[in-house]
Amino acid sequence: SSPGCATPFQTTLLQTREPWKIIQSLSAKYCLKQHEKAIVAKPPSTLSRLLEIMGLVTGHENCVEQMMLYVTGYYNMIMDNEPNIVTYPIEKTSPCQVAALAGLGNLSTTVYPPNHYRFVEVCGDVADQSSTKIETRRANVINKGRISIEDLLPHVTSSTLGQLKALYQRLGYEYPKNIP
């Protein structure tokens, strides 16, 4: 964290999501022609320009490649600049587990003590499975079967795919076995 941006928090958390799922959602939103399954060459110019300004793309990549570079660049940029960050996968982490990761399970690591007592009241012992229910209500509604990984593969280079595989490893996800 930069010196001018200090916060009173004990822990910095980064919620992660399986990278291909994000890329599929972004590609469905920005790279598909409306009501078709055809992939457009370029994302909206304002989005592409923003990604260029962030230094994540050169602007010469196709839409799918830009979405993939955005996802890899986003996570890597955060983790490179916040070495002590704690990551957690949204797919397998309950709200109580997130609160525990943030330090609320221990009075000595809770910045505001009433939060610790509220945590204990709501979550109890996080090892107790009743307090670790994973929220599954929120399904992927952007993509919802519109575009598959196989549809996206012809639009990415092996170099960008290599960056994605490295990100999977860095985030602790298992790269899909059936995808090159």
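Scroll up to find the structure this text is about.
These numbers come from a predicted model, not from an experiment.

Q: Hey, could you go over the overall build of the chain for me, with residue numbers and the actual values?
A: Across its full length, the chain holds seven helices and two strands. Going from N to C terminus, the chain has its helices and strands arranged as β-α-α-α-β-α-α-α-α. Expressed as a percentage of the 180 residues in the chain, the buried residues total 37%. Of the contacts formed within the chain by residues at least 6 apart in sequence, a portion of 66% connects residues at least 24 apart.

Q: Give a detailed account of the pattern of salt bridges, specifying residues and quantitative values.
A: The tally for this structure, following the rule as stated, stands at four salt bridges. Taking the shortest distance from any N to any O, the salt bridge between Asp 80 and Arg 170 comes out at 2.8 Å. You can see Asp 80 sitting in helix α3 (residues 63-81) and its partner Arg 170 sitting in helix α7 (residues 158-171), a full 90 residues away along the chain. For Arg 170, a relative accessible area of 37% gives the class partly exposed. Between Arg 118 and Glu 121 there is a salt bridge; the shortest N-O distance is 2.8 Å. In this pair, Arg 118 and Glu 121 both sit in helix α5 (residues 113-123), three residues apart, roughly one turn of the helix.

Q: Could you give an account of α5, with specific residues and numbers?
A: For α5, every residue scored as buried is listed here: His 116, Phe 119 and Cys 123. Buried residues of α5 fall within an arc of 60 degrees about the axis and therefore sit on the same side. Where α5 is buried, its residues meet α4 (95-101). Taken from the residues just after α5, Gly 124 is the one with a positive phi, measuring 60 degrees.

Q: An account of the pairing of strand β1 (residues 13-16) is needed here, citing residue identities and associated values.
A: Side chains of β1 alternate between two faces, with Leu 14 and Thr 16 buried and Leu 13 and Gln 15 left unburied. As paired elements, β1 and strand β2 (residues 86-89) share four bridges and run parallel to each other. Along β2, the bridge assignment pairs Leu 13 with Val 86.

Q: Pulling in residues and values, what's your account of the packing of aromatic side chains?
A: Scanning the model with the defined rule gives four aromatic pairs in all. Taking 6.3 Å as the distance between ring centres and 75 degrees as the angle between the ring planes, the aromatic pair formed by Tyr 168 and Tyr 173 counts as edge-to-face. Residue classification places Tyr 168 among the buried residues on the basis of a relative accessible area of 1%. Accessibility expressed as a relative area gives 15% for Tyr 173, which makes it buried. A ring pair is formed by Tyr 168 and Tyr 175, whose centres lie 4.9 Å apart and whose planes are at 75 degrees; its orientation type is edge-to-face. Residue Tyr 175 is classed as buried on the basis of its relative accessible area of 16%. Ring pairs connect the aromatic residues Tyr 70, Tyr 74 and Tyr 75, which therefore count as one cluster. Looking at Lys 29, its charged tip hangs above the ring of Tyr 30, at a distance of 5.7 Å from the centre.

Conventions adopted
- Residues numbered from 1 in each chain as written.
- Predicted model: local features only at pLDDT ≥ 70, side-chain atom pairs only at ≥ 80, totals over all residues.
- Heavy atoms only, no water.
- Helix = DSSP H or I, 4+ residues; strand = E, 2+ residues; numbered from the N terminus.
- Buried < 20%, exposed > 50% of the residue type's maximum accessible area, 1.4 Å probe, protein only.
- Contact = heavy atoms within 4.5 Å.
- Salt bridge = Lys/Arg side-chain N within 4 Å of Asp/Glu carboxyl O.
- Arc of directions from axis to C-beta.
- Pairing = 2+ DSSP bridges.
- Phe/Tyr/Trp six-rings, centres within 6.5 Å; stacked < 30°, edge-to-face > 60°.
- Lys NZ or Arg CZ within 6 Å of the ring centre and 35° of its normal.

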